[in-house]
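Chain by chain, the residues run as shown.
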Amino acid sequence: MDIESLIDKVISIEGGYSDHPADRGGPTRWGVTEAIARAHGYAGDMRHFPRVEAKAIYKRRYWHRPNFDQIAKLAPHIAAELFDTGINMGTGTASGFLQRCLNALNRNGRDYSDISIDRKIGEKTLAALDSLLRKRGSKGQFVLLKAIEALQGARYIKIAETRPANEAFLYGWLANRIG
């Protein structure tokens, strides 16, 4: 599992150009919203937004900047999930899910201390993840993955309940983003 494969998978799910009336993100191509493309210097029509620029944004903004590349060194499946969740919900939300789950799985601090839910991957989050994996072995990564996906699924349901127009996307989110 490498970042190029993860990006290709996201792009295959997101598809080409879209401007769904219920999508608050507005025009998108390759899953990159117009606002994100503009923030990275693209000034053209989103119908023509180059795939190569989308890939560069994904790698920089959703892999390296939030330190998911550092997670990948310890737990590649967790890193892949955080990358995908970060794209769809924001990297802070994805990082917060990881931190919440790590705290919930530390057996009341017996395995490692609670960490701050600051929504940023730093040394303490990486150390907690390493401790969980050492304590729980290879199965620990997959239990942690289930916990993160549970939070993600619950958030998708809440988004659809809060804004009924998002029900148009709920099935796809659950089908393509969970599990």
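Caption draft 1: Main features of the overall build of the chain. Helix and strand content of the chain: nine helices and three strands. Mapped from its N terminus to its C terminus, the chain presents α and β elements in the order α-β-β-β-α-α-α-α-α-α-α-α. Its C-alpha atoms give the chain a radius of gyration of 17 Å, near enough to 16 Å, the size a compact globule of 179 residues would have. In terms of its C-alpha atoms, the chain occupies a principal-axis envelope of roughly 55 × 35 × 25 Å. A total of 179 residues make up the chain; the buried ones form 44% of that total. Long-range contacts, defined as pairs at least 24 residues apart, comprise 53% of the intrachain contacts of the chain with a sequence gap of at least 6. Carbon and sulfur atoms make up 51% of the accessible area of the chain, which totals about 9400 Å². Within the chain, one finds 27 positive and 20 negative side-chain charges whose respective centroids are separated by 4 Å.

Caption draft 2: A look at the sheet that holds strand β3 (residues 32-33). Strand order in the open sheet formed by three strands is β1-β2-β3, and the pairing between neighbours is antiparallel. Of all strands in the sheet, those bounded by a partner on one side alone are β1 (17-18) and β3. The pairing of strand β2 (residues 28-29) with β3 spans two bridges and is classified as antiparallel. Bridging across to β3, Thr-28 finds its partner in Thr-33.

Caption draft 3: How the structure looks around the layout of surface pockets. Put simply, the largest pocket is a space of about 910 Å³. Elements supplying a minimum of two residues to the lining of the largest pocket: α1 (3-14), β3, α3 (51-64), α5 (76-89), α8 (138-162) and α9 (167-177). In terms of residue count, α9 provides more of the lining of the largest pocket than any other element does, five residues in total. Here the residues of the lining of the largest pocket sort into 11 nonpolar, 12 polar and eight charged. When its volume is computed, the second largest pocket comes out at roughly 240 Å³. Around the second largest pocket sit 17 residues that line it, and Lys-9, Ala-80, Glu-81, Asp-84 and Gly-179 are the ones nearest its centre. Listing elements by their share of the lining of the second largest pocket, those giving two or more residues are α1, α5, α8 and α9. Tallying contributions element by element places α5 first for the lining of the second largest pocket, with five residues.

Caption draft 4: Inspection of the packing of α3 against α5 at higher detail. For the pair α3 and α5, the least separation of the axes is 9 Å and the interaxial angle reads 110°. It follows from the interaxial angle that α3 and α5 lie roughly perpendicular. Remark: the crossing between α3 and α5 carries right-handed chirality. Touching Tyr-58, Tyr-62 and Trp-63 of α3 are Ala-79, Phe-83, Gly-86 and Ile-87, all from α5. When the residues that make up the contact of α3 with α5 are grouped by side-chain class, the tally is six nonpolar, one polar and no charged.

Criteria and cut-off values
- Residues numbered from 1 in each chain as written.
- Predicted model: local features only at pLDDT ≥ 70, side-chain atom pairs only at ≥ 80, totals over all residues.
- Heavy atoms only, no water.
- Helix = DSSP H or I, 4+ residues; strand = E, 2+ residues; numbered from the N terminus.
- Rg over C-alpha atoms; globule rule 2.2 N^0.38 Å.
- Buried < 20%, exposed > 50% of the residue type's maximum accessible area, 1.4 Å probe, protein only.
- Contact = heavy atoms within 4.5 Å.
- Areas by Shrake-Rupley, 256 points an atom, 1.4 Å probe, with all protein chains shown as cover.
- Lys, Arg positive; Asp, Glu negative; His and termini not counted.
- Charge placed at Lys NZ, Arg CZ, Asp CG, Glu CD.
- Pairing = 2+ DSSP bridges.
- 1 Å grid on protein atoms, 1.4 Å probe; cavity = no way out; pocket = protein on both sides within 12 Å on 5 of 7 lines; lining within 4 Å.
- Points joined across faces, edges and corners; volume = space filled by probe spheres on them.
- Nonpolar A, V, L, I, M, F, W, Y, C, P; charged D, E, K, R; others polar.
- Axes fitted to C-alpha atoms, helices over the stretch in contact; angles between N-to-C directions.
- Parallel < 35°, antiparallel > 145°, perpendicular 65-115°, else oblique.
- Left-handed = near helix turned anticlockwise from the far one by under 90°.

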